[in-house]
Amino acid sequence: MKPLNNKPSLFSPHCSSSSVLILVLVALVCTLGVTSSFSWSWRVGNVPGNDYSSALAFSTRSRPNSQVVHKTAAEAHHTISSSSINSKPNETVRLPPNHQIVEKQEIVVNDKESDQINAATASETISIKRYSRLEKLEASLAGVRASIREAARVRNLTSTHEDPDYVPQGPIYRNANAFHRSYLEMERLFKIYVYQEGDPPIFHNGPCKSIYSTEGRFIHEMEMDNTYRTTNPDDALVYFLPFSVVMLVQYLYVAESHDTESIGRAVVDYVNVISDKHPFWNRSLGSDHFMLSCHDWGPRTSSYVPQLYHKSIRVLCNANTSEGFNPSKDVSFPEIHLRTGETKGLLGGLSPSRRSILAFFAGRLHGHIRYLLLNEWKGKDQNVQVYDQLPHGVSYESMLKQSKFCLCPSGYEVASPRIVEAIYAECVPVLISDNYVPPFSDVLEWKSFSVQVQVKDIPNIKTILMGISQSQYLRMHRRVKLVQRHFVVNGPSKRYDVFNMIIHSIWLRRLNIRIEDRVE
């Protein structure tokens, strides 16, 4: 905006003392509209045994989108004094640093009876900032980040926040108070928009009775009215791309062809459609959008759209850091095999004193880790019972419920449904993998209720497990029972269950970024 020195009547020699005051006012007004830049971060800490961190960071910058309004001095004073009472909800009047000077200047101008000073010519420039819906959302998230950071300073094992359903407590959490504060803020503020484009069976649909059931259950849950879904995209903090990789593979992949180009083209076309029809993808370059897949090819499918791979939130069962999984922006969620679509009969197990088997695994020869496990332990030790196929008449679920520790090796990919199967059966899970980020690692302290064994230590499994004292095992068993609520599938969902924990993980990734309106 231009300075006011192009109005000679204000600065004529006859103005004397009033001109000095006007000069002061002009100097102050010319400083309006400058926004300071700042940044801060809150780090959640490293996942035990891995160098993972999740930073909550944001910054503000000046944006040239203020509306400039020219008023006379008298009009300007009326605007300033009345705006605090009658201002519109989306309008903020930015005052000069010293409001008293403005008021004094008005008195001089109004009381001066000389015709040399005309209030109509004594114009000021007031910068009125109209905050967009997005800026208001970002401002609310800034407050959330501050509240979570404050809550994280409380190192108690029990949350200090009240909750009628459940109060997080105990060593199963990295910080119970910070998690609870974050969860309550999520329920208050988090809104998700589900794009309506696309038709079933590939879009808005997924499997609910298979090894990929968490993918289908999540998609179906988002299709229902729930706490988080909004039909107004302007109110949303994130946007869901509701395609199912399982369904893409089922309908587009030619068996044994090893060609996934048709799957990739479908995803590219879908992103092109929503980016052409809606402004939100282009505004953030996809960083506030998320996809979800429990299929092994989820990461590969996302790679066909570079922004989806590098910027968007990818919610994946196959959370392999050696294959591009980024814990600060991507989400690991559990692989759950629901053969009937329900968890009935899967939850619970024998008491610790009645569990006679030290360690148990049964599964096919999928991948090199299982090959090493079967080669080392199959049929060699009654304490470490490892099978590629169970004997006739032996129940898999009953073996889980009779075992103290359940071995959960990776298959072809890092994720395994055996982790959740163990938790359901109240059997302490033993994770055997490389480069795997366990689900909900931002919140859960996995080392408190599981054992993590490196692949190179497979020959030492019995030694490692025998080295765990009875009292330590009993503590871990109790904690498995406590953490179970976060992995249970409910229909409809219940607070703190697996659906809500997945949502919370996405919420945390949204807190890691700040979106700004793009200025053309």
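The rules behind these values
Residues numbered from 1 in each chain as written. Predicted model: local features only at pLDDT ≥ 70, side-chain atom pairs only at ≥ 80, totals over all residues. Heavy atoms only, no water. UniProt positions renumbered as here; feature names shortened; annotations may be inferred. Helix = DSSP H or I, 4+ residues; strand = E, 2+ residues; numbered from the N terminus. Buried < 20%, exposed > 50% of the residue type's maximum accessible area, 1.4 Å probe, protein only. Contact = heavy atoms within 4.5 Å. Areas by Shrake-Rupley, 256 points an atom, 1.4 Å probe, with all protein chains shown as cover. Core = buried A, V, L, I, M, F, W, Y, C linked by side-chain atoms within 4.5 Å. Expected span 1.5 Å × (residues − 1). Arc of directions from axis to C-beta.

The chain is annotated in an unreviewed UniProt entry as Exostosin GT47 domain-containing protein of Rubus argutus. For the chain, the Subcellular location (unreviewed entry) comment in UniProt is given as "Golgi apparatus membrane". As its UniProt record puts it under Sequence similarities (unreviewed entry), the chain is described as follows: "Belongs to the glycosyltransferase 47 family."

Draft legend 1. Representation of the overall build of the chain within the structure. Each helix and strand counted, the chain has 17 helices and 15 strands in total. Across the 520 residues of the chain, 54% fall into the buried class. Considering only residue pairs separated by 6 or more positions, the chain has 71% of its internal contacts joining residues 24 or more positions apart. As displayed, the chain has an accessible area near 23800 Å², and 50% of this comes from carbon and sulfur atoms.

Draft legend 2. Examining the nonpolar core more closely. Within the largest apolar cluster, 122 residues are counted, with the highest numbers of intra-cluster contacts made by Phe-190, Phe-218, Phe-243, Phe-405, Leu-407, Leu-465 and Ile-506. Element by element, the count of residues in this core is highest for helix α17 (residues 498-511), at 9 residues. When residues no more than four places from it in sequence are discounted, the contact partners of Leu-465 are Leu-358, Ala-359, Phe-405, Leu-407, Val-430 and Val-451.

Draft legend 3. Structural context of the UniProt feature "transmembrane region" (unreviewed entry) in the chain. In this numbering, the UniProt entry assigns the feature "transmembrane region" (unreviewed entry) to residues 20-40 and 236-254. Span residues 236-254 is 42% helix and 16% strand, its end C-alpha atoms 37 Å apart.

Draft legend 4. Spatial organisation of helix α8 (residues 261-277). Between its first and last C-alpha atoms α8 spans 24 Å; for 17 residues at 1.5 Å apiece the expected length is 24 Å, and the two agree. All of the buried residues along α8 are Ile-263, Gly-264, Val-267, Tyr-270, Val-271, Ile-274 and Ser-275. With its buried residues spanning 125 degrees around the axis, α8 presents them on a single face. Those residues of α8 that are exposed and angled more than 90 degrees off the buried face are Asp-276 and Lys-277. Packing partners of the buried residues in α8 comprise α7 (245-252), α9 (280-284), β8 (289-293), α10 (298-302) and α11 (306-310).

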